[in-house]
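Descriptive analysis of the structure
Residue-level listing of the chains:
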Amino acid sequence: MDAPVPASSPPPTPAKETRSFNVALIGNPNTGKSTLFNLLCGLQSRVGNFPGVTVEKKIGHVKWQGQQFNVIDLPGTYSLSPRTLDEMVSVDVLLGRQKDVGHPDAVVCIVDSSNLERNLYLVSQVLDMQLPVVVVLNMCDVALARGTTIDATELSQRLGVPVVKAEAHRAVGIDDIRNAIAAAAKSSPSEARKKVFPAEFYSECDQLAAHLNAGGAADVPEFLIQRMILDPGGCVEAEYTKKCGNNLPQALAECRERLKSAGQAVPAIEARQRYAWIREVLDGIHTRPTTRSVTFSDKLDRVLTHKLIGVGIFIALMFVVFQAIYAWAGPFMEVIETAQGWLADLVAMTLAPGPLRSLINDGVIAGVGGVIVFLPQIVFLFLFIAILEDCGYMARAAFLMDRLMTKVGLSGKSFVPLMSSFACAIPGVMATRVIENRRDRMVTILVAPLMSCSARLPVYILLIAAFIPAVTLFQVGPELSIGDFVLWSGQVTLPGVVLLAMSSLGAVIAVPVAWILKKTMFRGETPPFIMELPSYKWPSPRIVFHRVYDRAKAFVMRAGTLIFATTIIVWAAGYFPGDHTAQHKLETQIEALDDTPENEAQLEQLVSQHNAVSAQLIETSFLGRVGHAIEPAVKPLGWDWRIGVGAVASFPAREVIISTLGTIYSMGGDVDEESEGLKESLQQARWPDGRNVYNVPVALSIMVFFALCAQCGATLMVIRRETNSWFWPVFTFVYMTALAYVAALLVYQVGMRYF
């Protein structure tokens, strides 16, 4: 009997890839790249920095079709011609040279369908790398509204890569993009396309490759060899000049000279050849109206970008934004401070006075609260920035402010970060991410802490009230009042003038500082201001939410940890090595007494003893010893060791000087700038020889020092995170402290000649 014939076996199921795929997103600015990234990845993204540079590394980890994808959002760029290390990051990622990211399995080029020719320039450079590419024609609805038509199928055939139509701001076409990415990531690298450049150029590339090989740089990617020739003085040329010892600059100069003799001068050859290729690709499949119609955006721009009306609207808008930030964030900050106080009280009721309670209350809770309390301002600032960016106005604001900011070597995009630094330098420094140019961004970061933030105000109020005579300088107009409520007194007083001067000092000094930085550490050719003005549209709530969430998360997770650590260190310096037994015993006795009239006298006596012991402990602490050690250095400013301790203790946060001075002068740490007792203590402070410690020059010297010094550990930690380097926060601290010292010294020494 014959054995049964087995039924035919089903075809084997292809084994599913178990590894994750790397997908890079690249595109011109304002093409909707970040919007598409958020749609593809949702909240599953991590934000950091690429090693050694200031470029933000944003990677989303998502799963499609059972496969894991790592989506990398590269910075917006118009071309891959790197001239700085920051610009080199995109090239390194695409070539697989960025080790912390890995080799890309696919590249998604997002292009603006309404500006197709210009956007294909970058696509042309990406195709030169022979990677699997997906081209996304974004903003198809805008292109259609402008009368532009594109045959995507024919374009795909001519480019040799998938082309997908999309409207990212409406989440249209997202599934097609995911499918195209998944297919491209699993495909082989694209075949070599028709060469863009003439034969003479590729012949020079071969000669240069041989020259590099002879110099010990073998296997240099062809794309980098092309960039060495096309970008004189560029980042790739600098990199391989260091690696090769066989006079690469001379070889490149001879190569460019031969190309020039052949009628292919560098760098014009690239733009000419690539746009010729683009026109050939689009011939017959891309139509545009012969006359451009006037759109709603055009009509609105006539008003919003007008050199007078537009500036007026911008100033009014910024005034409303920052007033709203200050007013809206205030209640939330009060809630956080109340919760912080409630937690501290809870700990005080649970734990007896001692080192552990002090660590939890004065270190941990104060440290966490010091991080969270900034969150409302940051959320509201980035809410407004996200709305203004997504509706298209932010590009117009940068255009308007560019003329003003270029006078100090910055761009129009520096204006909003510097303005926001008047409320708080932390969101201001973080807001510099809107500045693409590295030099402009770095200079803006370094001068942002000079803006007079709200933390300086208590110092000004205390010292002005205590030492600046309340005299009226002159009258401006009549007094305006409603009943007993005075709307406008018309009096210009000396304290008001001093307060205005101190609040403006940092902004005035920032102008020459920015100019010097641009002429020294950030020298270089000022790039032409290229700003695309996107069409106006209603902001998407989803996109706005994602942007605010990303910034808030980045602040809490990245800067918050460093701020918290700094607070703990300062607490330890102020607590140790003193013996706190007597202090804790007095705290126990104070807490045991009820706050009744019968106990009032005893409570006052115990509190007075407690304040005296606390003052003695801080003087003998590591912090106090530092104050005594630096007294010879601060004496030329008119300061004694107590002011020195206050200045040192306030380096993590300026407002700390008020409570520190309260502790030193036996008033307790819960005083504020309105405390009459603290003002009297300052006025009665004496040197050992009986002279007054404080007078008008000393008060001005302290205020000038606080106006210019980098006394904010949180800001320095944010600079560390934003620049991805410890050098820049240290540089900021050193230059601002030196600037503050010299300015305070001049004010005191000159002031003593007249007071």
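Residues numbered from 1 in each chain as written. Predicted model: local features only at pLDDT ≥ 70, side-chain atom pairs only at ≥ 80, totals over all residues. Heavy atoms only, no water.

**Description of the overall build of the protein chain**
The secondary structure content of the protein chain amounts to 32 helices and 13 strands. By the burial criterion, 50% of the 755 residues in the protein chain qualify as buried. Contacts spanning at least 24 positions in sequence make up 73% of the contacts within the protein chain whose residues lie at least 6 apart. (Helix = DSSP H or I, 4+ residues; strand = E, 2+ residues; numbered from the N terminus. Buried < 20%, exposed > 50% of the residue type's maximum accessible area, 1.4 Å probe, protein only. Contact = heavy atoms within 4.5 Å.)

**Some remarks on the nonpolar core**
Judged by nonpolar contacts, the single largest core of 92 residues is most densely connected at Val447, Leu450, Trp639, Leu682 and Tyr694. For this core, the element with the most residues is helix H30 (residues 696-708), which contributes 11 residues. Inspection of this core shows a minimum of three residues originating in each of domain 3 (305-505) and domain 4 (573-752). In contact with Val447, not counting residues within four places along its chain, are Leu418, Ala510, Val513, Ala514, Leu517 and Tyr735. Judged by nonpolar contacts, the second largest core, of 65 residues, contains Leu131, Val135, Cys205 and Leu252. (Core = buried A, V, L, I, M, F, W, Y, C linked by side-chain atoms within 4.5 Å. Domains from an automatic or database assignment.)

**Concerning the UniProt feature "binding site: Mg(2+)" (unreviewed entry) in the protein chain**
Taking the UniProt record as the reference, the feature "binding site: Mg(2+)" (unreviewed entry) is found at Asn38 and Gly42. Inspection of the secondary structure puts Asn38 in helix H1 (residues 33-41). Taking the relative accessible area as the measure of exposure, Asn38 reaches 4% and is therefore buried. Setting aside chain neighbours within four positions, we find Asn38 in contact with Lys58, His546 and Asp550. Residue position: Gly42 is located in the loop between H1 and strand S2 (45-49). Among the residues examined, Gly42 registers a relative accessible area of 22% and is labelled partly exposed. In this structure, Gly42 is in contact with Phe37 and His546, ignoring residues within four places of it in sequence. (UniProt positions renumbered as here; feature names shortened; annotations may be inferred.)

**Observations concerning helix H6 (residues 174-185)**
Along its 12 residues, H6 runs 16 Å from first to last C-alpha, staying within 8% of the 16 Å computed at 1.5 Å per residue. If you check which residues of H6 are buried, you get Ile174, Ile177, Ala180, Ile181, Ala182, Ala184 and Ala185. (Expected span 1.5 Å × (residues − 1).)

**Looking at the side chain of Gln125**
Structurally, Gln125 can be placed in helix H3 (residues 116-127). For Gln125, a relative accessible area of 0% gives the class buried. There is a polar contact of 2.9 Å between the side chain of Gln125 and the side chain of Glu270. Contact partners of Gln125, with chain neighbours within four places excluded, come to Ser79, Leu80, Ser81, Phe223, Arg227, Glu270 and Arg274. (Polar contact = N/O pair within 3.5 Å; in protein donor to acceptor, adjacent residues only side chain to side chain.)

**Concerning a negative patch on the surface**
Residues Asp594, Asp595, Glu600 and Glu604 make up a contiguous surface patch of negative charge. Note that Asp595 resides in the loop between helix H23 (581-592) and helix H24 (600-620). A relative accessible area of 74% means that Asp595 is categorised as exposed. (Patch = residues over 30% accessible without salt bridge, like charges linked within 9 Å, V, L, I, M, F, W, Y side chains within 5 Å. Areas by Shrake-Rupley, 256 points an atom, 1.4 Å probe, with all protein chains shown as cover. Salt bridge = Lys/Arg side-chain N within 4 Å of Asp/Glu carboxyl O. Lys, Arg positive; Asp, Glu negative; His and termini not counted. Charge placed at Lys NZ, Arg CZ, Asp CG, Glu CD.)

**What about the environment of Met419?**
Inspection of the secondary structure puts Met419 in helix H17 (residues 415-420). Separated by 29 residues in the primary sequence, Met419 and Ala448 place their C-alpha atoms 8.7 Å from one another.

**Focus on the pairing of strand S4 (residues 67-73)**
Within S4, six of the seven residues are buried, leaving the element largely enclosed by the surrounding structure. Examined bridge by bridge, strand S1 (residues 21-27) and S4 share five bridges and lie parallel to one another. By the bridge assignment for S4, Asn22 is matched with Asn70. (Pairing = 2+ DSSP bridges.)

**Here we look at the UniProt feature "transmembrane region" (unreviewed entry) in the protein chain**
Following the UniProt record, one finds the feature "transmembrane region" (unreviewed entry) at residues 308-329, 364-388, 415-436, 457-477, 497-517, 555-576, 698-719 and 726-748. Counted over residues 698-719, helix gives 82% and strand 0%. Its end C-alpha atoms are 31 Å apart. Here residues 726-748 is 96% helix and 0% strand, with 33 Å between the C-alpha atoms at its ends.

**A short note on the packing of aromatic side chains**
Inspection of every chain in the model, using the stated rule, returns 17 aromatic pairs. Ring centres of Phe727 and Trp728 lie 4.7 Å apart, and the angle between their planes is 80°; this geometry places the pair in the edge-to-face category. Aromatic side chains Trp728 and Phe731 sit 5.8 Å apart centroid to centroid with 80° between the ring planes, which places their arrangement in the edge-to-face category. With a gap of three residues between them, Trp728 and Phe731 both fall in helix H32 (residues 727-751), about one helical turn apart. Both residues of the pair, Trp728 and Phe731, count as buried. Members of the aromatic cluster, connected to one another through ring pairs, are Phe522, Phe727, Trp728, Phe731 and Tyr735. Residue placement shows Arg396 over the ring face of Tyr536; its charged tip is 4.0 Å from the ring centre. (Phe/Tyr/Trp six-rings, centres within 6.5 Å; stacked < 30°, edge-to-face > 60°. Lys NZ or Arg CZ within 6 Å of the ring centre and 35° of its normal.)

**Observations concerning the pairing of strand S5 (residues 106-112)**
For S5, the tally of buried residues reaches seven of seven residues, placing the bulk of the element in the interior. Covered by surrounding structure in S5 are Ala106, Val108, Ile110 and Asp112 together with Val107, Cys109 and Val111, the residues of both alternating faces. Pairing analysis gives five bridges linking S1 to S5, with the strands arranged parallel. Directly across from Ala24, in S5, lies its bridge partner Val107. Taken together, S5, H3 and strand S6 (residues 133-138) form a β-α-β motif whose crossover is right-handed. (Right-handed = clockwise from strand over helix to strand, strands pointing away.)

**Digging into a nonpolar patch on the surface**
A contiguous nonpolar patch, built from Val471, Leu473, Phe474, Val476 and Val497 and spanning about 390 Å² of accessible area, is present on the exposed surface. In this structure, Val497 sits in helix H21 (residues 494-519). Note on Val497: relative accessible area 35%, which makes it partly exposed.

**Considering the packing of helix H7 (residues 199-214) against helix H8 (residues 222-230)**
Viewed as axis vectors pointing N to C, H7 and H8 meet at an angle of 105°, and their least axial separation amounts to 10 Å. What the angle tells us is that H7 and H8 run roughly perpendicular. Here Phe201, Tyr202, Glu204, Cys205, Leu208, Ala209 and Leu212 of H7 come into contact with H8, specifically with Glu222, Ile225, Gln226, Met228, Ile229 and Leu230. Of the residues that constitute the contact of H7 with H8, the class distribution is 10 nonpolar, one polar and two charged. (Axes fitted to C-alpha atoms, helices over the stretch in contact; angles between N-to-C directions. Parallel < 35°, antiparallel > 145°, perpendicular 65-115°, else oblique. Nonpolar A, V, L, I, M, F, W, Y, C, P; charged D, E, K, R; others polar.)

**Notes on the confidence of the model for the protein chain**
For the protein chain, mean pLDDT is 82; residues scoring 70 or higher make up 86% of the total. Counting contacts from residues 1-14, a segment whose pLDDT is below 50, to residues more than four positions away or on other chains yields zero contacts. (pLDDT = per-residue confidence, 0-100.)

**As for the pattern of salt bridges**
Tallied over the entire structure, the rule returns 23 salt bridges. Note that Arg274 is salt-bridged to Asp128, the shortest N-O span being 2.9 Å. Here Arg274 is found in helix H11 (residues 268-282), whereas its partner Asp128 is found in the loop between H3 and S6, with 146 residues between them in sequence. The class for Arg274 is buried, based on a relative accessible area of 0%. A salt bridge links Arg642 to Asp640; the nearest nitrogen and oxygen atoms lie 2.9 Å apart. Through salt bridges with shared partners, a single network forms among Asp128, Arg227, Asp231, Glu270 and Arg274.

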